[in-house]
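Notes for the structure review
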Amino acid sequence: MPGALSMRLQFLQEHAAPFSAFLTDTFGRQHTYLRISLTEKCNLRCRYCMPEEGVSLTPKADLLTTEEILTLARLFVKEGVTRSASLVGSLSSDQMWWTSWSRLHRLEGLRTIGVTTNGINLARLLPTLQEAGLTAVNISLDTLVPAKFEFIVRRKGFHKVMEGIHKAIELGYKPVKVNCVVMRGLNEDELLDFVALTEGLPLDVRFIEYMPFDGNKWNFKKMVSYKEMLDTIRQRWPGLEKLPEEDSSTAKAFKIPGFQGQISFITSMSEHFCGTCNRLRITADGNLKVCLFGNSEVSLRDHLRAGASEEELLRIIGAAVGRKKRQHAGMFNIAQMKNRPMVLIGILFMLQDSPPASWGTFSWDPLRVQNLSARQCLSDQMATLWKRHCVSMALPLSQRCLGSGSPQRYYSSYADPDAHSKCLNTGSQAPDVPSGPGPTSNQLTHVDSAGRATMVDVGGKPETERVAVASATVLLGPVAFRLVQQNQLKKGDALVVAQLAGVQAAKLTSQLIPLCHHVALSHVHVQLELDSTHHAVLIQASCRARGPTGVEMEALTSAALAALTVYDMCKAVSRDIVVTEVKLISKTGGQRGDFHRA
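Residues numbered from 1 in each chain as written. Predicted model: local features only at pLDDT ≥ 70, side-chain atom pairs only at ≥ 80, totals over all residues. Heavy atoms only, no water.

Identification of the protein chain as Molybdenum cofactor biosynthesis protein 1 from Apodemus speciosus is taken from an unreviewed UniProt entry. What the UniProt record of the protein chain gives under Cofactor (unreviewed entry) is the line "[4Fe-4S] cluster". (UniProt positions renumbered as here; feature names shortened; annotations may be inferred.)

Set out below in structure tokens:
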């Protein structure tokens, strides 16, 4: 660090004023870090960021002007912000953001100013940025395979990004941060390759857990947790050491002894760091976001243009900061919330779709190391969550119904004290529901008088409590069964993933089967158990709702999709897998009476 800059930092530390009440939330967090998005434009088209043709950009007149950016930045710095990061899609010579940048670094009190970019034009423009006061560089790069890069971003440019990384190293930035979003089925097989880069280069490779935003089709099965990544890396480098965490750090840092660089994990999903969060964000159109995953925003632009005074702006900012919650809503709730697409927030992490199978033919020899070994599907936190919902019984279901002396793995979506009374195989103990088939109709219900398909009108039917139970069986064969039993599948825990698939399928039945009514389910229970005698997975799904129509299709869909998920998890081991016995076990609460399979 140049001597003059070092002296300036020391002066600022010694003469620091009391921290602003406007930037302190109700939980005592002091927000010293401001991220400003200077543009919504990006010259890449990452598959999980925006469509190939791009997104509808905010009209230029509605974007913050240079003066408005500087006014807001000056106000935040005056109140105590010491670190600012500008988020830009691709560095360019655009006069508006270039002028903003060149003046931002002059703000008195601002100790650190960084840039987050996709790196396409970084090598060309970085020398000028460094002269203007740039102190930190973050570069997004999710793969080290050129062919995969082109698939992900729908553009060429891999070698330009690598050139930008090396230019940053050449100019003395240490460390150069490389942001890599890790997604199962896409790039988790490159973890060790990225770590290997830090042996001879002063990089901080930051592995980021896949996060939900509008348009990226997030689901937890594609998220590779911090613990899983760490376990994989430690198998290759058991001497990996954890570094001390800085205050308000978003990353857990590690270093391999003897390596120049380090690695970090940003664990927004599995182990959030909300308790020490000190970040605020201003979007390119002037909205203040106090939480990356929150959907509430305050337009500072509108207040600026309405002539708000500095005091009024501070009250507005203080009110927004004061409403910041203790922590974000959690990965599953966040996935259901309405939020901006990433490109319009200014976050440039690349979230990608699954690659073509032919990628196996591509490699980058200097960085290729061994493939990942077996890994678990969920983080310890997720595993704990699901263990809380496991049924613990003195006599497991399969032993009661089929008989087995082998160790059993049993998964259930909630603790049901009566679960032992419900058996999954033909001829087993019957479910504890009213017996006897009810009256049936000799006419199809989903056709009109002319024989055309139609949805049944249930508007006049009484609302009653409806329950349905369905089952399915997956015959795995001895090899796949053993791997599932010992939880050694490379894809992860087949029982946990299938269980979640069954719950999700029940909720989506009306979207999958055209003439089904949408049912507001009050409860879904999916349980899976291993039958070692038949090398089978036994699945049972029960659904409950109060309404005018039954839930047997929800139960059948749940059991069937759970079975298909088991097949998908195991098909790499054996294609000689049979999904069988998908059937309704019972239904109660309908006008035609209850049904119980004998």
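Counting secondary structure elements, the protein chain contains 18 helices and 18 strands. Counting only residues that meet the buried cut, the protein chain has 52% of its 598 residues in that class. Across the protein chain, contacts joining residues at least 24 apart in sequence account for 75% of those joining residues at least 6 apart. Counting every atom, the protein chain has about 27000 Å² of accessible surface; 52% of that belongs to carbon and sulfur. (Helix = DSSP H or I, 4+ residues; strand = E, 2+ residues; numbered from the N terminus. Buried < 20%, exposed > 50% of the residue type's maximum accessible area, 1.4 Å probe, protein only. Contact = heavy atoms within 4.5 Å. Areas by Shrake-Rupley, 256 points an atom, 1.4 Å probe, with all protein chains shown as cover.)

So, on to the nonpolar core. Among the nonpolar cores identified, the biggest contains 56 residues, and Leu141, Phe207, Ile233, Ile263 and Phe265 are the most heavily contacted of them. What Phe265 contacts, discounting residues up to four positions off in sequence, is Phe207, Tyr226, Met229, Leu230, Ile233, Thr250, Ala251, Lys252 and Phe254. Ranked by size, the runner-up nonpolar core spans 36 residues in total, among them Leu483, Cys543, Val566 and Ile577. (Core = buried A, V, L, I, M, F, W, Y, C linked by side-chain atoms within 4.5 Å.)

This part is about the packing of aromatic side chains. Scanning the model with the defined rule gives six aromatic pairs in all. Centre to centre, the rings of Phe207 and Phe265 are 5.8 Å apart; their planes meet at 40°, and the pair counts as tilted. Of this pair, Phe207 sits in strand S6 (residues 203-209) while Phe265 sits in strand S9 (residues 262-266), and the two are 58 residues apart along the sequence. Taken individually, Phe207 and Phe265 each receive the classification buried, so the pair is uniform in this respect. Centroid distance Trp237 to Phe259: 6.0 Å. Interplanar angle 75°. Geometry classified as edge-to-face. Of this pair, Trp237 sits in the loop between helix H8 (226-236) and strand S7 (241-242) while Phe259 is found in the loop between strand S8 (251-255) and S9, placing the two residues 22 residues apart along the sequence. Taken together, Phe194, Phe207, Tyr226, Phe254 and Phe265 form an aromatic cluster joined through their ring pairs. Above the face of the Phe254 ring, Lys242 is positioned so that its terminal group lies 5.7 Å from the ring centre. (Phe/Tyr/Trp six-rings, centres within 6.5 Å; stacked < 30°, edge-to-face > 60°. Lys NZ or Arg CZ within 6 Å of the ring centre and 35° of its normal.)

This part takes up the pattern of salt bridges. In the structure shown here, the tally under the stated rule is 14 salt bridges. Note that Arg184 is salt-bridged to Glu228, the shortest N-O span being 2.9 Å. Note that Arg184 is positioned in the loop between strand S5 (176-182) and helix H7 (191-197) and Glu228 in helix H8, a separation of 44 residues in sequence. Looking at Arg184, the relative accessible area reads 13%, which means it is buried. Overall, the relative accessible area of 2% leaves Glu228 in the buried class. Asp302 serves as the salt-bridge partner of Arg301, at 2.9 Å between the closest nitrogen and oxygen. Look at Arg301 and you get buried, because its relative accessible area is 14%. Linked through salt bridges whose partners overlap, the residues forming this network are Lys148, Asp189 and Glu190. (Salt bridge = Lys/Arg side-chain N within 4 Å of Asp/Glu carboxyl O.)

Time to look at the side chain of Asp285. Tracing the backbone shows Asp285 in the loop between strand S10 (279-282) and strand S11 (287-289). Overall, the relative accessible area of 11% leaves Asp285 in the buried class. Among the polar contacts made by the side chain of Asp285, one reaches the side chain of Thr283 at a distance of 2.4 Å. (Polar contact = N/O pair within 3.5 Å; in protein donor to acceptor, adjacent residues only side chain to side chain.)

Attention shifts here to unusual backbone geometry. Cis geometry is found at the peptide bond from Lys174 to Pro175, where omega equals -5°. You can see Pro175 is positioned in the loop between helix H6 (158-170) and S5.

A separate point is the pairing of S8. Most of S8 sits out of view: four of its five residues are buried. Relative to S8, S7 runs antiparallel, the two sharing two bridges. Note that in S8 the partner of Lys242 across the bridge is Phe254. Direction of pairing for S8 relative to S9: antiparallel, over a ladder of four bridges. Following the sheet pairing, Ala253 is matched in S9 by Ser264. In this structure, the hairpin formed by S8 and S9 is closed by a connection of six residues, where Gly258 is found at a positive phi of approximately 90°. (Pairing = 2+ DSSP bridges.)

All right, on to the packing of helix H4 (residues 122-131) against H6 then. Between H4 and H6, the shortest axis-to-axis distance is 8 Å and the interhelical angle comes to 25°. When the interaxial angle is binned, H4 and H6 end up roughly parallel. Handedness of the H4/H6 crossing: right-handed. Counted together, Leu122, Ala123 and Leu126 of H4 and Glu163, Gly164, Lys167 and Ala168 of H6 form the full contact between these two elements. Per-class residue counts for the contact of H4 with H6 are four nonpolar, one polar and two charged. (Axes fitted to C-alpha atoms, helices over the stretch in contact; angles between N-to-C directions. Parallel < 35°, antiparallel > 145°, perpendicular 65-115°, else oblique. Left-handed = near helix turned anticlockwise from the far one by under 90°. Nonpolar A, V, L, I, M, F, W, Y, C, P; charged D, E, K, R; others polar.)

A word on H8. Because an α-helix completes one turn every 3.6 residues, residues spaced three or four positions apart along the sequence face the same direction. Within the sequence span of H8, burial applies to Tyr226, Glu228, Met229, Leu230, Thr232 and Ile233. On its buried face, H8 is in contact with S5, H7, S6, S8 and S9.

Once that is clear, we can look at helix H16 (residues 494-507). Along its 14 residues, H16 runs 20 Å from first to last C-alpha, staying within 8% of the 20 Å computed at 1.5 Å per residue. Burial analysis of H16 places twelve of its 14 residues in the buried class, which makes it a mostly covered element. The set of residues buried in H16 consists of Ala494, Leu495, Val496, Val497, Ala498, Gln499, Leu500, Ala501, Gly502, Val503, Ala505 and Ala506. Where H16 begins, the capping side chain belongs to Asp493, and its oxygen is found 3.1 Å from the backbone nitrogen of Leu495. (Expected span 1.5 Å × (residues − 1).)

Across twelve bridges, the pairing between strand S14 (residues 464-475) and strand S16 (residues 536-547) is antiparallel. Directly across from Thr464, in S16, lies its bridge partner Gly547. Two strands pair when backbone bridges link them, and S14 and strand S17 (residues 578-588) are joined in this way by eight bridges, in the antiparallel orientation. Considered in S17, the bridge of Ala470 is made with Leu584.

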